[in-house]
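# Chain and residue survey
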Number of protein chains: 2
Amino acid sequence: MPGGGNRTEIRRRVLWWRGEDFLGVVVPLSETKETGSGIADLVELVAADMERVNQLILSKAGSDVDMIPAIASHLIDSGGKRLRPMLTLAAAGSYGYDGDGHVSLAASVEFMHTATLLHDDVVDESDMRRGKASARMVWGNQASVLVGDYLLGQAFKMMVEVGSLDCLRILSNAASIIAEGEVMQLSTAKNVETTEDEYLAVIRAKTAALFSAAGEVGPIIAGAGKADQAAFRSYGTNLGLAFQLIDDALDYGGNSQSLGKSVGDDFREGKVTLPVVLAYRRGSSDNRAFWKRCLETGEILDADLQTAIGLMREHRAIEDTVERARHYGAIARDALAPIKATPQKQALLDLVDFCIRRAY
Amino acid sequence: MPGGGNRTEIRRRVLWWRGEDFLGVVVPLSETKETGSGIADLVELVAADMERVNQLILSKAGSDVDMIPAIASHLIDSGGKRLRPMLTLAAAGSYGYDGDGHVSLAASVEFMHTATLLHDDVVDESDMRRGKASARMVWGNQASVLVGDYLLGQAFKMMVEVGSLDCLRILSNAASIIAEGEVMQLSTAKNVETTEDEYLAVIRAKTAALFSAAGEVGPIIAGAGKADQAAFRSYGTNLGLAFQLIDDALDYGGNSQSLGKSVGDDFREGKVTLPVVLAYRRGSSDNRAFWKRCLETGEILDADLQTAIGLMREHRAIEDTVERARHYGAIARDALAPIKATPQKQALLDLVDFCIRRAY
């Protein structure tokens, strides 16, 4: 998704976030902006910097090896949320930082995320990603693994150029924790007996660690103190947890009765997420046999997704997943509370509510 | 507190839990038993085993070195809740375990807890513990440290006698995590800028790790499988977190308007607990200066406790501490959900509610 610094682009991103397609109709921003409770303020605040991040991403994903830009742009152009780099930009921006470091750090963070997605799809044998064929289905597993490695290498090169050892320490630590989380997930992937704590440990590593690092490098590059770093680190961690849990809930339709078109992906892939953990633990022994058949042995019949969603509703598994997400969202908000009031801070507080409201 | 296997003793424990003094009046148990929502069922279920634990504790706290039994019984007889050994006993009991191992493990767990208290009081320079002079005030710091070490040694000896390497691994791991948590706490102790995540990491290590181990050794000694071990491990962890957070809230009067006699201990000792973390982060810069003066520099005036409680009420810091505790309580309940229905399981589920209701 190129661009980012104009109103049409902002509108496109807002619609994307709301799960609506962008049809190219230019609606005046003033009519759609959800002031104080949405994503539009954040998108707008970081729009100019994000334009620079996008340019940097396009240039750093380039290579004389043809397959590299092809695979990278397949994923990079496919409409990711750019949430992690937005976090880095807004965090640095809230201190009035006017250098270039945050742009490189934000691009690094997005590359780390993209590399993870490439590797994830290989590990999970996923056919689809963001509504189109996954890179591994087009170019194969080997190329996906190696281009992921290439992007990770480029991410580190960009970080090194920024020259902050603290940022390098935090982001390289996150890279290692993410990989650890992926390995952890291998053992929980098809195990419906996974406890909530075990699942939390996985997403804390796999998802929250990068949000945390993306937040923390903002105050660091801007020269803010330890307490501010800790605030953004904690904000990122807990936003990441809330974000992942809401994603998990949305995969079973969220709290809305209408089922979106992408409902059931996790189920079909045998992923054990929190709604499954809760429904399994709260269910009868018959229920548990159902979950084991579907997710452990992978024998999924046409009607099973509806049965799964029915069991989740019966045991309040989706509602309570959202409730758990609220808890982490509340911690994220309190983490940021002592930070100086700025439009960026307000936009990041709104982001927490917005992430959680997606489930309704 | 010797005994445990008779109705008077049970009644005494129930009253203790309810924060009421036991005046020796024998009230028929049927009139006081809070079936399905209290602690009485749990106390009664483990009463016979707890009697054996108490005998073992008395015998293992003995030594030819006079000061050892004196200090040990000073603390052991002073009316601790025996919550951790009750958890071990109930967990093993829920599998119908009829050996002796759980009694030794429960006594070990209580010794580990007692050793921690002895060392804690030295580190925190506490004058009082459970309403009477702390051991270090009577026998001095050196004796408190060394008798703590002695009890820890006795705890390990008892565990080794049980002969389960899995239990040894879990309890020795907990011992090391607890110590790590205490060291962590040194850096958060008087730092009001501590984030909620940092505080959670401390109590996860300092408090929840022993609850977790106390729970997990139950199914292990009873020969239950991995899923059951994970369930009790997770139950213990989250019960421990909820328990500690409610304790934190109670130290500022809980959600009740009436202030108990022990309110303010944490405040006077400069302990940064979650109610402080929330009130500090949510407060104005004037508020923050107040918290820094009281807790970091230790200049506490007579009216400061009331001001502190007032600020907490203004910022909903106590309510939200209880709300956070509810979250961990909910996870504890879900952790135990798939375990076979037994009176012990029900009593442990009730225990979660009971712990949280203490705050009202």
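Residues numbered from 1 in each chain as written. Chains lettered and ligands numbered in written order. Predicted model: local features only at pLDDT ≥ 70, side-chain atom pairs only at ≥ 80, totals over all residues. Heavy atoms only, no water.

## Some words on the overall build of chain A
What counts, and what does not: A run of H or I in DSSP counts as a helix once it spans at least four residues, and a run of E counts as a strand once it spans at least two, with each numbered from the N terminus. For the exposure calls, accessible area comes from a 1.4 Å probe over protein chains only, and a residue counts as buried if that area is under 20% of its type's maximum, exposed if over 50%, partly exposed in between. Note on contacts: a residue pair qualifies if any of its non-hydrogen atoms lie within 4.5 Å across the two residues. Here the open area of atoms and residues is found with the Shrake-Rupley method and a 1.4 Å probe, where only the protein chains shown may cover a residue.
Secondary structure assignment for chain A yields 18 helices and two strands. Counting over 360 residues, chain A shows a buried share of 57%. The long-range fraction of contacts in chain A, counting pairs at least 24 apart against all pairs at least 6 apart in sequence, stands at 74%. Within the structure as shown, chain A displays about 14,100 Å² of accessible surface, and the carbon and sulfur contribution to it stands at 52%.

## Description of the interface of chain B and chain A
As a reminder of what qualifies: We define buried area as the total accessible area lost by two parts upon association, computed with a 1.4 Å probe and summed across both. Salt-bridge detection follows one rule: a side-chain nitrogen of Lys or Arg within 4 Å of a carboxyl oxygen of Asp or Glu. Contacts described as polar in this section are N or O atom pairs within 3.5 Å, which, within protein, must combine one atom able to donate a hydrogen with one able to accept it, while residues neighboring in sequence count only if both atoms come from side chains. Gly is put with the polar residues, along with every residue not named as nonpolar or charged; the nonpolar set is Ala, Val, Leu, Ile, Met, Phe, Trp, Tyr, Cys and Pro, and the charged set is Asp, Glu, Lys and Arg.
Contacts between the two partners involve 25 residues from chain B, matched on the other side by 25 residues from chain A. Of the roughly 2,100 Å² buried where chain B meets chain A, counting both sides, 47% is carbon and sulfur surface. Where chain B packs against chain A, one counts six salt bridges. Note that Asp-334 of chain A is salt-bridged to Arg-282 of chain B, the shortest N-O span being 2.6 Å. Counting across the chain B and chain A interface gives 17 residue pairs in polar contact (both at pLDDT 80 or more). Where the side of chain B that touches chain A is concerned, the elements lending two or more residues are helix H11 (196–221), helix H12 (226–250), helix H14 (274–282) and helix H17 (317–336) of chain B. Looking at the side of chain B that touches chain A residue by residue, the classes come out as ten nonpolar, five polar and ten charged.

## What about the environment of Ser-63 of chain A?
Position of Ser-63 of chain A among the secondary structure elements: in the loop between helix H4 (47–60) and helix H5 (67–76). Separated by 161 residues in sequence, Ser-63 of chain A and Ala-224 of chain A have C-alpha atoms that sit 36 Å apart.

## Let's talk about the packing of helix H7 (residues 101–124) of chain B against helix H9 (residues 141–162) of chain B
Between two packed helices, both the angle of their axes relative to each other and the distance between the axes serve to describe the pair. All names here are of chain B. Rule in force here: Here an angle of 0 to 180 degrees is reported between the N-to-C directions of two axes, which are lines fitted to C-alpha atoms, with helices fitted over the stretch in contact. Any angle that is under 35 degrees is reported as roughly parallel, and any over 145 degrees as roughly antiparallel; angles of 65 to 115 degrees are reported as roughly perpendicular and all others as oblique. Note on convention: the crossing is left-handed when the near helix lies turned anticlockwise from the far helix by less than a right angle, right-handed when the turn is clockwise.
Interaxial distance between H7 and H9 falls to 8 Å at its minimum, and their mutual angle equals 160°. In terms of orientation, H7 and H9 fall into the roughly antiparallel class. The way H7 lies across H9 gives a crossing that is left-handed. Looking at the contact of H7 with H9, its residues break down into 15 nonpolar, nine polar and one charged.

## Regarding the pattern of salt bridges
Under the counting rule described, the total for this entry stands at 44 salt bridges over all chains. Ionic contacts of the salt-bridge type, sharing partners, join the residues Glu-196, Arg-282, Asp-320 and Arg-324 of chain A together with Asp-334 of chain B into one network.

## Focus: the packing of helix H6 (residues 83–93) of chain B against H11 of chain B
Residue and element names in this part refer to chain B. Look at H6 against H11: their axes get within 7 Å of each other, and the N-to-C directions meet at 25°. Considering the angle they form, H6 stands roughly parallel to H11. Crossing angle aside, the handedness with which H6 passes H11 is right-handed. Contact residues: Leu-83, Arg-84, Leu-87, Thr-88, Ala-91 and Ala-92 in H6; Leu-210, Phe-211, Ala-214, Gly-215, Val-217, Gly-218, Pro-219 and Ile-221 in H11. Residues that form the contact of H6 with H11 fall into these classes: ten nonpolar, three polar and one charged.

## Topic: helix H10 (residues 165–188) of chain A
Residues and elements named next belong to chain A. Note the cut-off: Expected span of a helix: the number of residues minus one, times 1.5 Å.
Taking 1.5 Å per residue as the helical rise, H10 with its 24 residues ought to reach 34 Å, and the 34 Å between its terminal C-alpha atoms agrees with that figure. For H10, every residue scored as buried is listed here: Cys-167, Leu-168, Ile-170, Leu-171, Ala-174, Ala-175, Ile-178, Gly-181, Glu-182, Gln-185 and Thr-188. In this structure, the buried residues of H10 make contact with helix H7 (101–124), helix H9 (141–162) and helix H11 (196–221).

## Topic: the relation of the copies chain B and chain A
What counts here: In superposing the copies, a least-squares fit is computed on C-alpha atoms, taking residues whose pLDDT is at least 70 in both.
Superposition of chain B onto chain A requires a rotation of 180° combined with a translation of 0.0 Å along the rotation axis, giving an RMSD of 0.0 Å. Taken together, the rotation and translation describe the operation of a two-fold axis. The position closest to the rotation axis in chain B is occupied by the C-alpha of His-327 of chain B, lying 3.6 Å away. Residue by residue, 100% of the interface of chain B is reproduced at the interface of chain A, so both copies engage with the same surface.

## So, the environment of Gln-229 of chain B
All names here are of chain B. Tracing the sequence through the fold places Gln-229 in helix H12. Classification of Gln-229 as buried rests on a relative accessible area of 9%. Taking the C-alpha atoms as reference points, Gln-229 and Ala-242, 13 residues apart in sequence, are found 20 Å from one another. In this view, Gln-229 contacts Glu-216, Pro-219, Ile-220 and Ala-224; residues no more than four positions away in its chain are not counted.

## Regarding H17 of chain B
With 20 residues, H17 of chain B extends 29 Å between its outermost C-alpha atoms, agreeing within 8% with the 28 Å of an ideal straight helix rising 1.5 Å per residue. Counting buried positions along H17 of chain B gives 16 out of 20 residues, so the element sits mostly inside the fold.

## Topic: the side chain of Thr-114 of chain A
All names here are of chain A. Along the chain, Thr-114 turns up in helix H7. Owing to a relative accessible area of 4%, Thr-114 belongs among the buried residues under this scheme. Among the polar contacts listed, one links the side chain of Thr-114 to the backbone oxygen of Glu-110, at a separation of 2.7 Å.

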